[in-house]
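# A structural walkthrough
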Amino acid sequence: MIKLYFISRLQRSAAAACAVLAALASVQAAAAEEFTFQGIKYKTIDATTAEVTKGNDTELTEAVIPEKVTSGDKTYTVTRIGDSAFDNCEKIAKVSIPPTVTVIDDYAFEYNYALTEISLPAGVTYVGQYAFFEAGLTSFTAPAALKTIGEGAFAKCQNLVSLSLNEGLESIGEQAFFQTSIGDLTIPGTCKTIADRAFWKCEGIGVLTIRDGVETIGIRAFEGLTSLYALSLGNTVKTIGERAFSGAAHYSGDLTLPAALESLGERAFEQCPMIKKVNIGASLKEIGLIPFSFCDALEEFRVDPKSEHLTAVNGIVYTKDMKVAMMYPPARSGAFDIAEGTEAVAAGCAFYCTGITSLTMPSSLGAIGDWAFAGCENIPDLDLPVKLMYLGDHAFDGCTSVTTLIFNSPLEKIGRYAFSNLANVESVDIPSTVTEIGEYAFSQNSKVETFVVPEGVTKLDTGVFYNCTGMKSLTLPRGLTSIGNFALYFCTGLTELDLPDGITTIGESGLYACYSVEKLKLPENLESIGQYGLAGMMKLRDLKFGSKLKTIAPYSFYYDTEIREAILPPTVETIGSEAFAGCAAMYSLSLGESLIDIAPLAFAECIGLTDIYAHAAKPAYVEHSNAFAASTYKEATLHVPAGTAEAYKTANVWSRFTSVTEPAGVADVDADTVSIATTGNRIVVTGCASADIYTAAGQLVYSGATTAIPTLPRGLYIVATGNKAVKINL
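Here the residue numbers are simple positions, counted from 1 along each chain's written sequence. A pLDDT threshold of at least 70 governs which residues receive local features in this predicted model, and a stricter bar of 80 or more applies before side-chain atom pairs are shown or counted, although totals over entire chains, interfaces and linings include all residues. Water and hydrogen atoms play no part in the side-chain values, which are based on all heavy atoms of the structure.

With that settled, the discussion passes to the overall build of the protein chain. A count of helices and strands for the protein chain gives three helices and 60 strands. Taking the principal axes of its C-alpha atoms as reference, the protein chain extends roughly 125 × 75 × 75 Å. Per-residue burial over the protein chain gives 51% buried out of 730 residues. Residue contacts are counted whenever heavy atoms from the two residues lie within 4.5 Å of one another. Taking as baseline every contact in the protein chain between residues at least 6 positions apart, the subset at least 24 positions apart corresponds to 31%. A 1.4 Å probe and the Shrake-Rupley method give the accessible areas. Residues count as covered only by the protein chains that appear here. Of the accessible surface of the protein chain, which amounts to about 30500 Å², a share of 50% is contributed by carbon and sulfur atoms. Helix numbers and strand numbers start at the N terminus; a helix is a DSSP run of H or I with at least 4 residues, a strand a run of E with at least 2. Three labels apply to residues, based on accessible area from a 1.4 Å probe with only protein chains included: buried if under 20% of the type maximum, exposed if over 50%, partly exposed otherwise in between.

Here the focus is the confidence of the model for the protein chain. Looking at the protein chain, pLDDT values average 92 and 93% of them are 70 or higher. The quantity known as pLDDT measures the predictor's confidence residue by residue, on a range of 0 to 100. With pLDDT under 50 throughout, residues 665–671 is counted as low confidence; its partners more than four residues away or in other chains account for 16 contacts.

This part covers the sheet that holds strand 20 (residues 252–256). Note: two strands are recorded as paired if DSSP finds a minimum of 2 bridges between them. On the basis of which strands lie adjacent, the open sheet formed by three strands has the order 20-22-24 and parallel pairing. Two strands lie at the open edges of the sheet, namely strand 20 and strand 24 (300–303), each paired on one side alone. Neighbour-to-neighbour, the strand axes of the sheet open up by a mean angle of 20 degrees, direction not taken into account. As paired strands, strand 20 and strand 22 (residues 274–280) are joined by five bridges and run parallel to one another. In the sheet register, threonine 256 faces strand 22, and the bridge partner there is asparagine 279. Every axis in this analysis is a line fitted to C-alpha atoms, fitted for helices over the stretch in contact. Angles between the N-to-C directions lie between 0 and 180 degrees.

With that out of the way, let us pick up the sheet that holds strand 16 (residues 207–210). Reading across from one edge, 14-16-18 is the order of the three strands in this open sheet, with parallel pairing throughout. Strands with a single pairing partner mark the edges of an open sheet, and in this sheet they are strand 14 (185–187) and strand 18 (230–232). Ignoring which end each strand starts from, the neighbouring axes of this sheet average 5 degrees apart. Pairing geometry for strand 16 and strand 18, over three bridges, is parallel. Among the inter-strand pairings, threonine 209 is bridged to a residue of strand 18, identified as serine 232.

All right, on to the nonpolar core then. Throughout this description, the term nonpolar core refers to a set of buried Ala, Val, Leu, Ile, Met, Phe, Trp, Tyr and Cys residues connected via side-chain atoms within 4.5 Å. If you look at the biggest cluster of nonpolar residues, it comprises 112 residues, and the most contacted ones within it are Phe396, Phe419, Phe465 and Phe580. Elements supplying a minimum of two residues to this core: strand 26 (316–319), strand 30 (356–360), strand 48 (588–591), strand 50 (611–614) and helix 3 (645–650). For phenylalanine 419, the contacting residues outside a window of four places in its chain are Leu382, Leu384, Leu391, Phe396, Leu405, Phe407, Ile414, Ala441, Phe442, Ser443 and Asn445. Counting residues in hydrophobic clusters, the runner-up holds 91 residues, among them Leu137, Cys157, Ile217 and Met327.

Here we take up the pairing of strand 6 (residues 74–81). Remember that side chains alternate between the two faces of the sheet whenever the strand is regular. Here four bridges tie strand 3 (residues 49–54) to strand 6, and the two strands are oriented parallel to one another. Counted as the bridge partner of threonine 49 is threonine 77 from strand 6. Both strand 5 (residues 68–71) and strand 6 contribute to a ladder of four bridges, which runs antiparallel. Within the sheet, the bridge partner assigned to serine 71 lies in strand 6 and is lysine 74. Hairpin geometry of strand 5 and strand 6 is characterised by an intervening segment of two residues between the two adjacent antiparallel strands and by a positive phi of about 65 degrees at glycine 72. The sheet contact formed by strand 6 and strand 8 (residues 103–104) spans two bridges and is parallel. Within the sheet, the bridge partner assigned to isoleucine 81 lies in strand 8 and is isoleucine 104.

This part takes up the side chain of aspartate 105. Here aspartate 105 lies in the loop between strand 8 and strand 9 (126–127). The buried category is assigned to aspartate 105, whose relative accessible area is 11%.

Moving on: the packing of aromatic side chains. Between rings of Phe, Tyr and Trp, where Trp is taken as its six-membered ring, a pair exists when centres lie within 6.5 Å; planes separated by under 30 degrees are stacked, by over 60 edge-to-face, and by other angles tilted. Counted under the stated rule, the structure contains 53 aromatic pairs. Seen from their ring centres, phenylalanine 35 and tyrosine 42 are 5.8 Å apart, and the 20 degrees between their planes marks the pair as stacked. Taken individually, phenylalanine 35 and tyrosine 42 each receive the classification buried, so the pair is uniform in this respect. Through a chain of ring-to-ring contacts, the aromatic side chains of Phe86, Phe109, Phe132, Phe140, Phe154, Phe177, Phe199, Phe222, Phe245, Phe269, Phe292 and Phe301 assemble into a single cluster. Cation over ring: arginine 656 sits above tyrosine 633, and NZ or CZ is 5.1 Å from the ring centre. For a lysine, the NZ atom is tested; for an arginine, the CZ atom; a charge sits over a ring if that atom is within 6 Å of the ring centre and within 35 degrees of the ring normal.

Pairing between side chains of opposite charge can happen when their charged atoms approach one another. By salt bridge we mean one thing: a side-chain nitrogen of Lys or Arg within 4 Å of a carboxyl oxygen of Asp or Glu. Per the counting criterion, the structure on display carries 17 salt bridges. With a closest N to O distance of 3.8 Å, glutamate 51 and arginine 80 form a salt bridge. Of this pair, glutamate 51 sits in strand 3 while arginine 80 sits in strand 6; the two residues are 29 residues apart in sequence, bridging distant segments of the chain. With relative accessibility at 13%, the residue glutamate 51 sits in the buried group. Arginine 302 is the salt-bridge partner of glutamate 300, the closest N and O atoms lying 3.6 Å from each other. On the accessibility criterion, glutamate 300 (26% relative accessible area) is partly exposed. In this structure, a network of salt bridges that share partners links the residues Glu242, Arg243, Glu266, Arg267 and Glu270.

If you want it as structure tokens, here you go:
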């Protein structure tokens, strides 16, 4: 019995499933039916209803949609204007929609430039994404049943000057009315959320009323309301998003934030230059970065005494426990004496508060947040607290009147741009405890003459001393491993620079235009030089390379016009485009034995070259004949390894040199007693007790006993013994 019962149940279930599938198939078949009625295409939704699918005849000037349509012997009620139904019908000026329609789907009337007015039936509940995008509408009254206005629904309807929204509306999508010309506006309380950029750049709104019931105002929801002069935010808004009301240039007087407001977004009321006072309710507990930046008339903050999170002292906002200074009024002038016991200054607290003429920080202060005093251009000096352990990015960026900067605490990290643009500071003593200095931290400190980077710092970050034109002395730590992009860019006052041998990389424009440096020894462990890494060093005459350099990037030594000699280490494999272009004074060039590739224009305009020493047994690939100046091929001698002259004479580009020579290997100075030979990287002198060895540029590199001559880098040398001298290619 149990078995039979089970089979019976299975049979009944199978039959039911078949019935469902049959019904679904029937519905799908019905849904798939398309037909044309009175020149407009429709598609069935179910057995009794249909939607408009296509009416986009570009010549159509009027569309009349009937309440009922027929296909064969069947009649359907039209309930929907479908996706893209009339998009790009640029000549349609009039549309009649029957009262049975409840949905205006996505893109339905986009680009209907001639459509200046439309009346939606009272039963419409949904207007889809971009439904009327860039249409010619001049006014819109939301039907009583409307619940949702989709993303971009009326965006860029630039003739839309009148908008009436219905009570009952629940959702306004992102950019729904972006860049329209609507005037005074009321948001109904049934709309809980106003999405991001919903009314962005609606420059015609003068009066904005937000009814009680609205809880969230999205990012940039009302940004760019340049005509706004009256604003009521109601009492129920809990969140105001980033830049929500930024740029309300004509709103003046006091601003009262909603009593329920809990979160105020970054730059929420930025550039509202006529607000004078801000009243903060008891619920606010989260404040984004610089919510009232560039509110140039704002003199005072007031906080509801019932607040458990914030308080106001002399118009300045602190946390309730007085441990964090939160917001300083941008228009306040005079001294900012941070309250005793304050432990931190919040990010952006006094951002561009240009009226501050003195700043006193209590000894209890341990942290200064990002942008805290950025742009406070009238602060005269900075005496940092003894407990300061955190200094954020841009903390004092642009404090251009500061003449004295004193560190008093064992800081370990200095944030990005922390002291950038302190154009009048004359001395900086970075604490020895610092191990990290952020990007552009001391950039454009143009009057500081001496910087000493602490020993714990291992990386000179991007732009750290960018455009410090007055710097004459820089001491770098022995453990430094890299010089970042633009780190010493345009440090034109430096005449000497000692680069620690542990440095492996010099970044893009790392030492660009340090044009007063005359002598430079590159680090022994340097492996790569970025684009323009040492370009524009126009007084650099004496340049020595380390032994591990592999890559010379494009423009690395671009227009270092005074370099006399370049002896590249044997490890160099590639030389980038215009790497030495414009080094017109260079007369001697030694290319290492590992060289593989020379890019176009690598030595363009190096018109002074007289000797080029190529040590690679296999000629490096030269990508274009413009790698060298045209005159170089005629006037310079190409010195190649013994036994390789024929290979160079037949190689691409190298074959253009008119003078190609191989070394003799041994030079007889005095046939009776003295001979000079090479063994590996050593010069061997026999037959005399002492010798002097010079580079091709005339620099003495060794003087002493011939038995103690050290290993020397590859290149051309002059060996002098007694009254004899001879050139030798090592």
